[in-house]
Amino acid sequence: MKFIKQFLYSLSFLGIVILSVMCKDEKKKEVTQKIEKVSIEKNEFGTTPDGGKVDRYTLKNSSGMTVDIITYGGIITSIKVPNKEGVSEDVVLGYNNLDRYMESSPYFGAIIGRYGNRIAKGKFSLDGKEYSLAVNNGENHLHGGIKGFDKVVWKASEETGEYYAALKLVYLSKDMEEGYPGGLNTTVTYTLKEDNSLDMLYEATTDKKTIVNLTNHSYFNLSGDFSKTVLDQVLSLNADKYLPVDNTLIPTGEIAEVKNTPFDFRKPTSIGSRIEADDDQLKKGGGYDHCWVLNGQDKGHRLIGTAYDPESGRVLEVFTTEPGVQFYSGNFLDGTLPAKQGGTYKKRSGFCLETQHYPDSPNQLDFPSVVLNPEEKYSSKTTYKFSTK
Ligand code: GLA
């Protein structure tokens, strides 16, 4: 009897030991699997004329999404995401090599700074002192000037966690660079997550009062086929109002209702359905090239717009903390720039949703302020999230 009892005790002890070892193994496996889900890889991409080395980082998750980012301009050179059949294809316009980006690029995929979009005549005042910025778009300043944040080499560092891969880019813009006061210490962190979202966190501090308005200038074509236009892709924007512009694309100051205009994207509408309408604002923009005044400005990081390609089934949702979004329908693309997949980028083969404060804010006192003081921290977050339906 005693022997049987002892035998049973030993048996159950052995069972417990085996079980706990198995559980540990399972846990170990789970952790390694989690770590394997996201990855980041670094490769050389080229060299700038002054010898600056440019790297390309590839962020990958296990849901079929891959994002390539280069340290020149913090440019997103590729975003591959699955269509409704599960086939991953590139959905952002760009080039295959550095020379092309340096030669001529309409800001394909780049970080825009210090100021996203236009400042009238390149002039603004702070505390009674007038500043003159580089004038690089007719009579206006556009996207940070002649050598904006899209044309500098950023310092990169990587970080991976169980469910994310992040690339942190840092650039120190000197006092009076392109005419802007204050040394601006800027960080942009791109984070790819398992849910096929890419976060962009923009942070900056200054040593003198200045202005700042950062964004990303990716051109999307959700079809994955850059020989197609985006006119059949469907857009919705959570905005009751937009900013009409003058002939040089500077906001007039009026904040207009979208109701009963081709600017009403409150219900999903294809980009092309009204783009040729007989409308003064569409004519001024050569299509859509305007800032929408987003709803829910007090709600922080929220869904502000959705784009959908009925053919591939790809969906892009945009979330932001910003009050505005510049929806640009690729009107200046004219079939001269070479496409990654061969051929050229024709008119309206990509659209941009540039989350930002409003253009020309430094000169329009009714617009939300873009002033950054030395004791403050600029922080702005935008997310591109992909799915299918
Ligand atoms: C922005 C502007 C456009 C155009 C593009 C780049 O979105 O609003 O007018 O300059 O950048 O080509």
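- Identification of the chain as Aldose 1-epimerase from Arenibacter arenosicollis is taken from an unreviewed UniProt entry.
- Quoted verbatim from the Pathway (unreviewed entry) field of the UniProt record, the comment on the chain reads "Carbohydrate metabolism; hexose metabolism."
- For the record of the chain, the UniProt heading Cofactor (unreviewed entry) holds the text "Ca(2+)".

### Remarks on the nonpolar core
Okay, so step 1: Counting residues in each nonpolar core, the largest one holds 59 residues, and the members touching the most others are Ile79, Trp292, Phe327, Phe351 and Phe386.
Okay, so step 2: If you look at the next biggest cluster of nonpolar residues, it comprises 19 residues, including Phe45, Tyr95, Leu98 and Tyr101.

### Some remarks on the site of the ligand
Okay, so step 1: In the neighbourhood of the ligand, 14 residues make up the surrounding shell, with Asn117, Arg118, His217, Asp289 and Glu354 lying closest.
Okay, so step 2: At 2.9 Å from an oxygen atom of the ligand is found a side-chain nitrogen or oxygen belonging to Asn117.
Okay, so step 3: Arg118 is positioned with one of its side-chain polar atoms (N or O) 2.7 Å from an oxygen atom of the ligand.
Okay, so step 4: Considered class by class, the residues forming the shell around the ligand number 7 nonpolar, 4 polar and 3 charged.

### Focus: the pairing of strand 1 (residues 39-47)
Okay, so step 1: Looking at chain direction, strand 1 and strand 2 (residues 53-60) are connected through 8 bridges and run antiparallel. Paired with Thr47 across the strands is Lys53, a residue of strand 2.
Okay, so step 2: Counted between consecutive antiparallel strands, the loop separating strand 1 from strand 2 contains 5 residues, among which Gly51 sits at a positive phi close to 90°.

### Let's talk about the side chain of Thr58
Okay, so step 1: Tracing the sequence through the fold places Thr58 in strand 2.
Okay, so step 2: One polar contact links Thr58 to Asp68, side chain to side chain, over a distance of 2.7 Å.
Okay, so step 3: Among residues more than four places away in sequence, those in contact with Thr58 are Ser39, Ile40, Glu41, Thr66, Val67 and Asp68.

### Notes on the side chain of Asp279
Okay, so step 1: Along the polypeptide, Asp279 turns up in the loop between strand 20 (269-270) and helix 3 (280-285).
Okay, so step 2: For Asp279, which is buried and forms no salt bridge, the nearest opposite charge comes from Lys283, at a distance of 7.9 Å.
Okay, so step 3: A distance of 2.9 Å separates the side chain of Asp279 from the backbone nitrogen of Leu282, its partner in a polar contact.
Okay, so step 4: Discounting chain neighbours no more than four positions away, the residues touching Asp279 are Pro262 and Phe263.

### Focus on the pattern of salt bridges
Okay, so step 1: Under the counting rule described, the total for this entry stands at 19 salt bridges.
Okay, so step 2: With a shortest N-O distance of 3.9 Å, Asp199 and Lys381 are connected by a salt bridge. Pair noted here: Asp199 is in strand 14 (residues 197-206) and Lys381 is in strand 27 (residues 378-388), with a separation of 182 residues, a long-range link.
Okay, so step 3: Among the residues examined, Asp199 registers a relative accessible area of 8% and is labelled buried.
Okay, so step 4: Two residues, Glu203 and Lys377, come together in a salt bridge whose shortest N-O distance is 3.1 Å. In this pair, Glu203 sits in strand 14 while Lys377 sits in the loop between strand 26 (371-372) and strand 27, placing the two residues 174 residues apart along the sequence.
Okay, so step 5: For Glu203, a relative accessible area of 19% gives the class buried.
Okay, so step 6: We classify Lys377 as exposed; its relative accessible area is 54%.
Okay, so step 7: Each of Lys42, Lys53 and Asp55 takes part in a single network of salt bridges with overlapping partners.

Conventions we followed
Residues numbered from 1 in each chain as written. Predicted model: local features only at pLDDT ≥ 70, side-chain atom pairs only at ≥ 80, totals over all residues. Heavy atoms only, no water. UniProt positions renumbered as here; feature names shortened; annotations may be inferred. Core = buried A, V, L, I, M, F, W, Y, C linked by side-chain atoms within 4.5 Å. Buried < 20%, exposed > 50% of the residue type's maximum accessible area, 1.4 Å probe, protein only. Near = heavy atom within 4 Å. Polar contact = N/O pair within 3.5 Å; in protein donor to acceptor, adjacent residues only side chain to side chain. Nonpolar A, V, L, I, M, F, W, Y, C, P; charged D, E, K, R; others polar. Pairing = 2+ DSSP bridges. Helix = DSSP H or I, 4+ residues; strand = E, 2+ residues; numbered from the N terminus. Contact = heavy atoms within 4.5 Å. Lys, Arg positive; Asp, Glu negative; His and termini not counted. Salt bridge = Lys/Arg side-chain N within 4 Å of Asp/Glu carboxyl O.

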